[in-house]
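Each chain is listed here by its residues.
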Amino acid sequence: MAVINYKCPCCDATLTFDGTSQQLSCEYCGNSFELDAVKQYDEASKSAEGESDFEWQPYQADSGNGDWQEGETDGMKMYVCSTCGAQIVADENTVATFCLYCENSTIIPETVSGMLKPDFVVPFKKSKEDAKEALKLLCKGKKLLPDFFIKDNRIEKITGLYVPFWLFDGDADAKINYKATKTRHWVDSNYSYTKTDHYMIAREGSIGYNYVPADGSSKADDKFMESIEPFDFDEAVDFNTAYLAGYLADKYDVTSDECKDKINERIRNSTLETFRSTIEGYSTVVPKNINMQIKQGKIRYVLMPVWMLNTKYQGKIYTFAMNGQTGKVAGELPFSKKKYFSYMFGITGVLSVIATIIYLLIF
Amino acid sequence: MKEMSTRMKKILSIFLFSFIATVIFATPAFAQNSDKVVDVADLLTDAEETKLEKSITNIIEKYNFDVVIVTTNTLENKTSQAYADDYFDYNGYGVGDSRDGILFLVSMEDRDYYISTSGYGLNAFTDYGIGKIEDKVVSDLSDGEYNNSFSKFIDYVDKFLKEAKDNKPYDTNNKYVTSSERVITIAVIFIIAFIIGLISVSIMKSGMNNVVDNKFARDYVRKDSLNLSRQSDIFLYSNVTKVKRESSSSSSGGSSSHTSSSGSSHGGHGGKF
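Procedures and definitions
Residues numbered from 1 in each chain as written. Chains lettered and ligands numbered in written order. Predicted model: local features only at pLDDT ≥ 70, side-chain atom pairs only at ≥ 80, totals over all residues. Heavy atoms only, no water. Contact = heavy atoms within 4.5 Å. Buried area = accessible area lost by both parts, 1.4 Å probe. Salt bridge = Lys/Arg side-chain N within 4 Å of Asp/Glu carboxyl O. Polar contact = N/O pair within 3.5 Å; in protein donor to acceptor, adjacent residues only side chain to side chain. Nonpolar A, V, L, I, M, F, W, Y, C, P; charged D, E, K, R; others polar. Pairing = 2+ DSSP bridges. Helix = DSSP H or I, 4+ residues; strand = E, 2+ residues; numbered from the N terminus. Phe/Tyr/Trp six-rings, centres within 6.5 Å; stacked < 30°, edge-to-face > 60°. Buried < 20%, exposed > 50% of the residue type's maximum accessible area, 1.4 Å probe, protein only. Lys NZ or Arg CZ within 6 Å of the ring centre and 35° of its normal. Core = buried A, V, L, I, M, F, W, Y, C linked by side-chain atoms within 4.5 Å. Axes fitted to C-alpha atoms, helices over the stretch in contact; angles between N-to-C directions.

1. Some details on the interface of chain A and chain B
Where interface size is quoted, it is often the accessible area lost as the parts come together.
Next, step 1: The interface of chain A with chain B comprises 82 residues on the first partner and 54 residues on the second.
Next, step 2: Across the interface of chain A and chain B, roughly 6,400 Å² is buried in total on both sides, 59% from carbon and sulfur atoms.
Next, step 3: For the pair chain A and chain B, the number of links is 5 salt bridges.
Next, step 4: At the boundary of chain A with chain B, the tally comes to 34 residue pairs in polar contact (both at pLDDT 80 or more).
Next, step 5: Residues that form the side of chain A that touches chain B fall into these classes: 43 nonpolar, 23 polar and 16 charged.
Next, step 6: Of the pairings in the sheet, the one linking strand 10 (residues 191-215) of chain A to strand 5 (residues 227-244) of chain B comprises 16 bridges and is antiparallel in character.

If you want it as structure tokens, here you go:
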């Protein structure tokens, strides 16, 4: 007869079977368990063992809509910024006079090269006027903002830019075990009691993700791009150079491979969050084993619409970005050191004088 | 004429005698004992004693309030409280019918001290006030600086009586604050104001950046795609812990009083040094 050694769920020591109580008991920690509970515990623990693995199909020139057709890029030109190295693509009728990332005006036109043909493009829905209004609203009530920032001639520089994104699609299969407790308190005249029930919770299942985006441009700050998410991919259309008219487009310079870790982290966190939300009624829940698998995940290359304004102030670039589809805004505004210190010492002075007077009057 | 003068002498001497008798026998019920520093344990020099007596006389004149300092080598099997109260009661201390006064007892037997108040003393020296005075004078007792301790005691009695004049003695709602404590408080006010100033501008500054990185993909979960193939909540074991309950108490301002062996009411507090 095969003897199965069960491990104690509390302390990992080997359990022994007690014939009279029909329970498994642990000599080490003194707990005893129902046979069925230990069997389930053992099965769920083994099931969730093993390494997580997210497997994405690599993106190649022919992965999406294929490469450029003959003459398709003729109507486009590329500007290269001699200061920050940004490579911006525009249609031949759009004239760029400054680098939208670093405000420098020495940008050199070149022929388009090294640009993958995007699979899809999400067209602009918000106008430049919308973007200007959004920036003004963002600046409203900001007491430390330098006065020059909100001047009209500067706001004119807001530019419509297609930012390259990698979109990841995949189904995550997850097996997660949690240690959980329920506690109950009561008191009598001498003691307060706490009873803790210990549980193992097992969740296995799958969850699908569509169009998880990763910024494919090193010039467009990932944080800003994540802040103006989400883009609604249902409005995407097949890429056509006609969509570039009047806008600029950035070229991808971060490969889909380099974005994987970030995407994996986001999918992992959301899967954990979703699975955790199916557990209710416990006082503590701590994940113990986590195993996630993605097989044959798919990657797409898409251009997303962003209104952008970069401002150089005291040696630092401050970015304003607005989602060109939804109007969601992300911005870091510059602050004036002079205003910062006047407010700080002003508040300190007024408060301390008032408090001192009150103190001396009372005591 | 000669007869006359003897008669006059007689009347005069009777008059004088009765006057002296009045002074000697009649006054103890009203007038106070004039020995204000009773240094039985001999902790003070004569010069120190004289000086302390002089400051006490000042207070008596200024406030009509008796101050007594007693040192002893034995409490005669009484508590320090009972000894101090009795010493005050049975030696004719205290001004007026209510016998207003304060007595500072130091016993070398077990190094006890006690501050006993009587009459108006209970109003002027609250439990809080006596505690405050103890804070200031007991450390000198411990160091053997008896004269310092006593002269500080007299100074504080002076200050506390002055404060109590308009019926607002130092108490939990009217704390005794020294000028150095006042300076420290104002410095703390400045520091707190500075911190508030710093926090305010930091809030203003943080409002200028609404950029957050996104560590989740929850916007991109395919609708209704969550499909759970196993959902089991397995009960494993229980344990119970118990902790003994404790109760606490609180206090408020004012004077707490007790009754001495003579039946009079005293306030006060004491301890070891």
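Alright, that's what it looks like, and here's the rest.
2. Remarks on the packing of aromatic side chains
The relative placement of two aromatic rings is captured by the distance of their centres and the angle of their planes.
Next, step 1: Evaluated as defined, the whole model comprises 40 aromatic pairs over all chains.
Next, step 2: Measuring from ring centre to ring centre gives 6.3 Å for Tyr191(A) and Tyr193(A), while their planes differ by 55 degrees; the resulting arrangement is tilted.
Next, step 3: Classification of Tyr191(A) by relative accessible area gives partly exposed; the value is 26%.
Next, step 4: Take Tyr193(A): its relative accessible area is 16%, and that puts it in the buried class.
Next, step 5: The interplanar angle of 70 degrees and the centroid separation of 5.4 Å between the aromatic rings of Tyr199(A) and Phe235(B) together place this pair among those described as edge-to-face. Placement of the pair is Tyr199(A) in strand 10 and Phe235(B) in strand 5, with the two residues belonging to separate chains.
Next, step 6: Judged by its relative accessible area of 14%, Tyr199(A) is buried.
Next, step 7: Given the relative accessible area of 39%, Phe235(B) is considered partly exposed.
Next, step 8: Every member of this aromatic cluster is reached through a ring pair, and the members are Phe65(B), Tyr120(B), Phe125(B), Tyr156(B), Phe160(B), Tyr170(B) and Tyr176(B).
Next, step 9: Sitting over the ring of Phe149(A), Arg154(A) keeps its end group 4.9 Å from the ring centre.

3. What about the nonpolar core?
Next, step 1: One finds Phe104(B), Phe125(B), Phe150(B) and Phe153(B) to be the most contacted residues of the largest nonpolar core, which totals 37 residues.
Next, step 2: Put simply, the parts of the chain that give this core at least two residues each are helix 2 (46-63), strand 2 (66-72), strand 3 (101-107), strand 4 (112-118), helix 5 (127-142) and helix 6 (146-164) of chain B.
Next, step 3: Considering every element that reaches this core, the biggest residue donor is helix 6 of chain B, with 9 residues.
Next, step 4: Every residue in contact with Phe153(B), bar those within four places of it in the chain, is listed here: Val67(B), Ile69(B), Ile102(B), Phe104(B), Ile115(B), Ile133(B) and Val137(B).
Next, step 5: Formed by 35 residues, the second largest nonpolar core is a distinct cluster that contains Val80(A), Ala131(A), Phe149(A) and Met322(A).

4. Examining the pattern of salt bridges
Next, step 1: If you walk through the whole model with that rule in mind, you get 26 salt bridges over all chains.
Next, step 2: Between Asp66(B) and Lys36(B) there is a salt bridge whose closest N-O contact spans 2.8 Å. Of this pair, Asp66(B) sits in strand 2 while Lys36(B) sits in the loop between helix 1 (2-26) and strand 1 (37-39); the two residues are 30 residues apart in sequence, bridging distant segments of the chain.
Next, step 3: When salt bridges with common partners are traced through the structure, they connect Lys128(A), Glu129(A), Lys132(A) and Glu156(A) into a single cluster.

5. Examining the sheet that holds strand 1 (residues 16-18) of chain A
Two orientations exist for strands paired in a sheet by backbone hydrogen bonds: parallel and antiparallel.
Residue and element names in this part refer to chain A.
Next, step 1: Here we have 3 strands laid out as an open sheet, ordered 1-2-3, and antiparallel in their pairing. Both edges of this open sheet fall to strand 1 and strand 3 (32-34), since each of them pairs with a single strand only. Averaged over all pairs of adjacent strands, the angle between strand axes in this sheet comes to 40 degrees, irrespective of strand direction.
Next, step 2: As judged from the 3 bridges shared by strand 2 (residues 23-25) and strand 3, these two strands associate in the antiparallel manner. Looking at the pairing, Gln23 lines up with Glu34 of strand 3.

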